[in-house]
Amino acid sequence: MLFLLTLAGSVTAARAQQKDVPQTGLLKGKVIDSVYNYMLTSATVAIYHAPDSMLLKYSMPDNFGEFKLPSLPVGKPLKLVITHVGYVPFIKQLTLNTGTTELDLGTLYMHQGKGALKEIVVTAAAPVRMNGDTLEFNADAFRLDSNATAEDLIRKLPGFTVWGDGDITYNGKKIQQVLVEGKAFMGSTDPAIATQNLPKSALDKIQVYQQRDEKNPLDSTMFANIKLKDDSQSGIFGKAGGGPGTDGRYAADGMLSGFNRNIQASAVGALNNINKIAANTDVLIKNSAYQGEGPGENYQSDFNMKGLNRPIAAGMKFIYDFFPGTADVLDSRLNTNYFMNNVQNRHAEESLSKTFLDNATELSTRSLGTGRQRQMGQDFHAVYDRSTDKYKWEINTKGALVDNDAVTESRTEQEQTGTGPLSKSVSHREATVHKKRAEIGISYTNYEENGLSVQSRRKRAPRGFTAGYQFSCDEQDGQARALTEFTSMVATAESRTFDRRYDRQNGRNFSHTLNAGYSGLRRLIFNRAQLGGVNIGISVSLALNLAENDDRVLDKEAATGKYQVNPYLTNEREVRTSDFKPALHFSKLISRELTNRFSKWINISADLQEQFYVFGSQALQRSQDLSYRYTRFLPAGSIVYNNHQFGNYESKYSLAFTTLAGYPAINDLAPLADSADLWFIPKGNPLLQPQFRKMLSAGYHFATRKGRNPLLIDANASLTEITGVIGDSTVYDSAGIRSVYAVNLNGYRAAGGNIRLKKSIELRRQTLELGARYAVNTGRYPQYQQHVLNMSHSTSHQVTAHVSYRRGSRLALKAEQGWTIYNSEQQGFNHSRFRSVNSYSLIDGVLQLPDNLYWNTHLSINTSSVRGMDAIRYVRWNASLAYRFLKGKRGEVKCAALDLLRQNKGIVNTATGNSQTFVTSNVLQQYFMMTLSYYPRKFGKRGE
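Sequence order as written defines residue numbering, which begins from 1 separately in each chain. Since the coordinates come from a predicted model, pLDDT governs what is reported: local features require at least 70, and pairs of side-chain atoms require 80 or more to be given and counted, while whole-chain, interface and lining totals use all residues. The basis for the side-chain values is all heavy atoms of the structure; hydrogens and waters are excluded.

Caption draft 1: Structural context of unusual backbone geometry. With a phi angle near 55°, Asp-247 is a residue other than glycine that sits in the positive phi range. Relative accessibility under 20% of the residue-type maximum defines a buried residue, over 50% an exposed one, and the middle range a partly exposed one, all with a 1.4 Å probe and only protein chains included. Its relative accessible area of 57% is what places Asp-247 among the exposed residues.

Caption draft 2: A look at the side chain of Asn-909. Strands are runs of DSSP state E lasting at least 2 residues, helices are runs of H or I lasting at least 4, and numbering of each runs from the N terminus. Here Asn-909 is to be found in strand E45 (residues 906–912). Judged by its relative accessible area of 9%, Asn-909 is buried. Whenever a nitrogen or oxygen atom comes within 3.5 Å of another N or O atom, the pair is scored as a polar contact, on the condition that within protein one atom can donate a hydrogen and the other can accept it, and that pairs from neighbouring residues in sequence are kept only if both atoms are in side chains. Polar side-chain contacts of Asn-909 include one of 3.2 Å to the side chain of Ser-864. A polar contact of 2.9 Å, which involves the side chain of Asn-909, links it to the backbone oxygen of Ser-865. Not counting chain neighbours up to four residues away, the residues in contact with Asn-909 comprise Ser-836, Val-837, Asn-838, Ser-864, Ser-865, Val-866, Gln-916, Thr-917 and Phe-918. We call two residues in contact when some of their heavy atoms are within 4.5 Å.

Caption draft 3: Geometry of the sheet that holds strand E5 (residues 77–83). Spatial ordering of the open sheet is given by E3-E2-E5-E6, a layout of 4 strands whose pairing is antiparallel. In this open sheet, the two edge strands, each paired with only one partner strand, are strand E3 (54–59) and strand E6 (90–95). Neighbour-to-neighbour, the strand axes of the sheet open up by a mean angle of 25°, direction not taken into account. Think of it this way: DSSP has to see at least two bridges between two strands before they count as a pair. Both E5 and E6 contribute to a ladder of 6 bridges, which runs antiparallel. Simply put, an axis is a line fit to the C-alpha atoms, just over the touching stretch for a helix, and the angle between two N-to-C directions goes from 0 to 180 degrees.

Caption draft 4: Focus on the pairing of strand E44 (residues 891–898). Where burial is concerned, most of E44 is hidden: 6 out of the 8 residues are buried. When strand E43 (residues 872–885) meets E44, the two strands line up antiparallel, connected through 7 bridges. If you follow Ala-879 over to E44, its bridge partner there is Ala-897. Looking at chain direction, E44 and strand E47 (residues 927–934) are connected through 8 bridges and run antiparallel. What sits directly across from Gly-891, in E47, is Tyr-934.

Caption draft 5: Fine view of the confidence of the model for the protein. Put simply, the protein has an average pLDDT of 88, and 92% of its residues get 70 or more. In the predicted structure, residues 115–123 sits below a pLDDT of 50 and forms 10 contacts with residues beyond four places in sequence or in another chain. Contacts of residues 294–298 to residues separated by more than four positions or lying in other chains number 8 contacts, the stretch itself having pLDDT below 50. Residue-level confidence of the predictor, termed pLDDT, takes values from 0 up to 100.

Caption draft 6: Examining the nonpolar core more closely. Side-chain atoms within 4.5 Å link the members of a nonpolar core, which is a set of buried Ala, Val, Leu, Ile, Met, Phe, Trp, Tyr and Cys residues. Residues Phe-137, Phe-160, Phe-185, Leu-198, Leu-203 and Ile-226 are the most contacted members of the largest nonpolar core, which totals 47 residues. It is strand E15 (residues 220–228) that contributes the most residues to this core, 4 residues altogether. Apart from residues lying up to four places away in sequence, Ile-226 is in contact with Ala-150, Val-178, Leu-179, Val-180, Glu-181, Leu-198, Leu-203, Lys-205 and Ile-206. Grouped together as the second largest cluster of nonpolar side chains are 19 residues, Leu-27, Ala-43, Ile-82 and Leu-105 included.

Caption draft 7: Structural detail: the packing of aromatic side chains. Stacked, edge-to-face and tilted are the three classes for Phe, Tyr and Trp ring pairs, Trp counted by its six-membered ring, which pair at centre distances within 6.5 Å; planes under 30 degrees apart are stacked, over 60 edge-to-face, the rest tilted. Going through the model one piece at a time under the given rule, you end up with 27 aromatic pairs. Summarising the aromatic geometry, the rings of Tyr-209 and Phe-223 are spaced 6.0 Å apart at their centres and angled 20° between planes, so their arrangement reads as stacked. Here Phe-223 lies in strand E15 and Tyr-209 lies in strand E14 (residues 203–212), a separation of 14 residues in the sequence. Residue class for Phe-223 comes out buried when judged on its relative accessible area of 13%. For the cation-ring pair, Lys-600 lies above Phe-598, with the distance from its terminal atom to the ring centre recorded as 5.4 Å. One residue, Arg-937, lies across the ring of Tyr-290, its end atom 3.9 Å from the ring centre. The criterion is that NZ of a Lys, or CZ of an Arg, lies within 6 Å of the ring centre and within 35 degrees of the ring normal, and then a charge sits over that ring.

Caption draft 8: Spotlight on the environment of Ser-865. Following the sequence through the fold, Ser-865 ends up in strand E42 (residues 853–866). C-alpha of Ser-865 to C-alpha of Phe-510: the two residues are 355 residues apart in sequence and 46 Å apart in space. Beyond its immediate sequence surroundings of up to four residues, Ser-865 is in contact with Ser-836, Val-837, Ala-871 and Asn-909.

Caption draft 9: Local environment of the sheet that holds strand E7 (residues 102–110). Reading across the sheet, the 3 strands line up as E4-E1-E7 and stay open at both edges, with mixed pairing between neighbours. One side of each edge strand has no neighbouring strand; the edge strands of this open sheet are strand E4 (66–73) and E7. Along the sheet, successive strands turn relative to each other by an average axial angle of 20°, direction set aside. Across 7 bridges, the pairing between strand E1 (residues 24–33) and E7 is parallel. By the bridge assignment, Leu-27 is partnered in E7 with Leu-103.

Caption draft 10: Quick peek at a positive patch on the surface. Two joining distances apply to patches: 9 Å for like charges and 5 Å for nonpolar side chains (Val, Leu, Ile, Met, Phe, Trp, Tyr), and every residue must have over 30% relative accessible area and no salt bridge. A 1.4 Å probe and the Shrake-Rupley method give the accessible areas. Residues count as covered only by the protein chains that appear here. When a carboxyl oxygen of Asp or Glu lies within 4 Å of a side-chain nitrogen of Lys or Arg, that pair is called a salt bridge. A positive count includes Lys and Arg, and a negative count includes Asp and Glu. His and the chain ends are not counted in either. Working definition for charges: the position is that of NZ of Lys, CZ of Arg, CG of Asp or CD of Glu. Residues Lys-57, Lys-156, Arg-764 and Arg-765 make up a contiguous surface patch of positive charge. As for its placement among the helices and strands, Arg-765 is situated in the loop between strand E37 (748–763) and strand E38 (766–785).

Caption draft 11: The side chain of Arg-500, seen in detail. Along the chain, Arg-500 falls in strand E25 (residues 496–518). Note on Arg-500: relative accessible area 3%, which makes it buried. Looking at Arg-500, its side chain comes within polar contact range of the side chain of Asp-674, at 2.5 Å. Separated by 3.3 Å, the side chains of Arg-500 and Ser-675 make a polar contact. In this structure Arg-500 touches Ala-480, Arg-481, Ala-482, Val-553, Leu-554, Asp-555, Asn-566, Leu-569, Asp-674, Ser-675 and Ala-676, once residues within four positions along its chain are discounted.

Caption draft 12: The pattern of salt bridges, seen in detail. Within the structure shown, the criterion is met by 38 salt bridges. With a closest N to O distance of 3.0 Å, Lys-28 and Glu-102 form a salt bridge. In this pair, Lys-28 is assigned in strand E1 and Glu-102 in strand E7, connecting sequence segments 74 residues apart. Residue classification places Lys-28 among the partly exposed residues on the basis of a relative accessible area of 22%. Between Asp-625 and Arg-622 there is a salt bridge, with the nearest N and O atoms lying 2.7 Å from each other.

Caption draft 13: Structural view of the environment of Asp-668. Structurally, Asp-668 can be placed in helix H8 (residues 666–669). On the basis of relative accessibility, which here comes to 27%, the residue Asp-668 falls in the partly exposed class. For the pair Asp-668 and Leu-620, spaced 48 residues apart in the sequence, the C-alpha separation amounts to 18 Å. The contacts of Asp-668, once residues within four sequence positions are left out, are Gly-684, Asn-685, Leu-688 and Ala-742.

Caption draft 14: Examining the environment of Ile-312 more closely. With respect to the helices and strands, Ile-312 occurs in strand E19 (residues 308–321). For Ile-312, a relative accessible area of 41% puts it in the partly exposed group. In the structure, Ile-312 is positioned 31 residues away from Val-343 in sequence and 6.3 Å away in space, judged by C-alpha atoms. When residues no more than four places from it in sequence are discounted, the contact partners of Ile-312 are Ala-270, Leu-271, Met-340, Asn-341 and Asn-342.

Below is the structure:
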């Protein structure tokens, strides 16, 4: 309601302003070549206010050479400038007379030759032009605030849409990556790192171009590239901020990044105790951007996160270009990234789980738990790639270190309908784990030589191929101790106590992966024979894996008080697997196109793949001495149809069929059951067979390809059947302890689908975005329960809808509603049913007030309900007020109030198969905070 009132007020104000807008008129015409009568669709048509050369409107002619310039002022001197590479500029002075609503200039002829283009560009910069196949927007032609960023400019450019989820589209087609000088900025694919940090004043051009898909030459990927001015090819930007809060809360973060023609480097760090967790270096860099906050910002206090967390994070990036400015002929770059994250967590939670045992019996498990954990993770990644128009090769290395220390305590009680309390337990566990990982890989792609004539290509074997090799090594060592006391209410003799030490929980894993592909098999074998235009390729992949485990477990004897080796859980094991997949690939491309009108194509492909899988295990525990080998035919195929109506829309339809085999692992075949894990005893099954998955999927994509008000639709659906699915046969004893046997089951069926719609509507300087998403998954999942075959028929629905409103840089609002609904029916248990519902309503808002004052709010209403329990409802309201000061708005002071109503709750409401779990945990609650931040910025020798 608050959002609707705000939106209604904004629209009403906009309409009131529009009543006072002076009369406007429309200017139109047609641009053609004076000699050959070509339609000059790549010309730039711009209209300026004659006295000061201020750009008013601009356009490019359509496929028929026609242009329209609406909303031009009446009674004022105007200057029309039409430019095109290789043509003399067309210049005309004009004035729209009072009462004129439309002025048709008719056919305007442009003459080839040299003209005073340079002078025209200097006095009245052409806003847009075609440079070959690249569309270029001139940044200086657009007047913005002196502190505007690249994102502010992109929002102003016609055809561009910056969506609320961060996607950027041009004429409805998604921009896959925003580059800077032809390279990923700070080595990231996230466009915000470039667009929210680079100032508009440092920009020369925004370029848009398409890159052909090597696998399908008629398809393409769209990119945007930011060209910097010659005197802004270097820069430094960053952030330093932090502050205290109530209840001992604090937060601090800092970032310093710099770049020149050869080098890009960044160092960033953050620490807090308000549940702000960063997953990688890019997240820290992005959220230290100069642009500031907006609706949906992802690096915020996570009020849903379990417990209270104190993260310390830091990251560094270093990128070196060996040949800057030569990306179109030679690209050679080293990209390195380091990230460290140290998180300390304290949590307490209560859970209730309900499981159907038979037609009239339900098992309830209640658990209270507390814990503290410290996890220290470090990741390093380095990539060197070198590419030309003939080849590309890449070397990548990765390394990771993880140290984890945890202490947990829990109390669990179980009861059963008709019986009452069954059992209870108290446990205490301490564990330390150290993990290491190293990875190195190399890949090489040799491109087919496109410069050869058709005759030359037919005489020689195709040279295009790919090859790669990847090696990885994982090591783990750990120790743990478990103290457990179990009491049975129904069988006193089953009560027991454990004091167990895991002196060694060590493991190593080595992996080798090789792959190669060659797509020119038809021409290599059949020479000039076309075979109906069917392309034939071949590929092979080989994965070799060795896993080594070394476990030593001790039990404390009650009589002596000494720890003795547990002969069952102490074990040494080696597991080797080999996965070899040769395949033949067939494809046929059929296309039809009419220049500047439409392009249609259909691609049909079929993959014939054979899998040879070998498994072998050797262990001290003889039950794990197992081996098997299987050969499986895994066919796949797809049909893709694309229809691009230039200037109107583009749609794509796809249908695919895939198959996949799943093989039982050692813990499916012969697990070693740890009796200290009281409530779950895995039994395994050495007679397990592989499962075989078949999936049919369909997809639909639609996007308007117009410059205004784009509409995007994505829809997907799938049907899955698994023969011999590896499932569970679960048996509960009188104390409620669950023993699980792995079995092959038939009857698994699943279907799912989702559809997403996004629509953007421009209203002068206002933008309205509408979006909705619906996903449904349903299936029949077989499982044996107490020796009875139970078929769980489950259906889940996820629905979200949002509306966003933006008025320039002054106001941004977003309202969203979401539901998650889960229903399950146990068809083997007299149709027992359960249902859970989670829903939320939220409002996000950012308002820029006069004098550089910014107000931000987030309000969400959350509801969770489950069968047999009263619904839980709570409101979470966060708000902040920030003031920007100093030259260039480089200083900021912000006051924030989080969880103003002090109602935040941590709830997890999930269901699967025949069980449902409802968990409540301690979460972050109300606090107030004040922070002070500074954004250093300097671009070029003269600064910003």
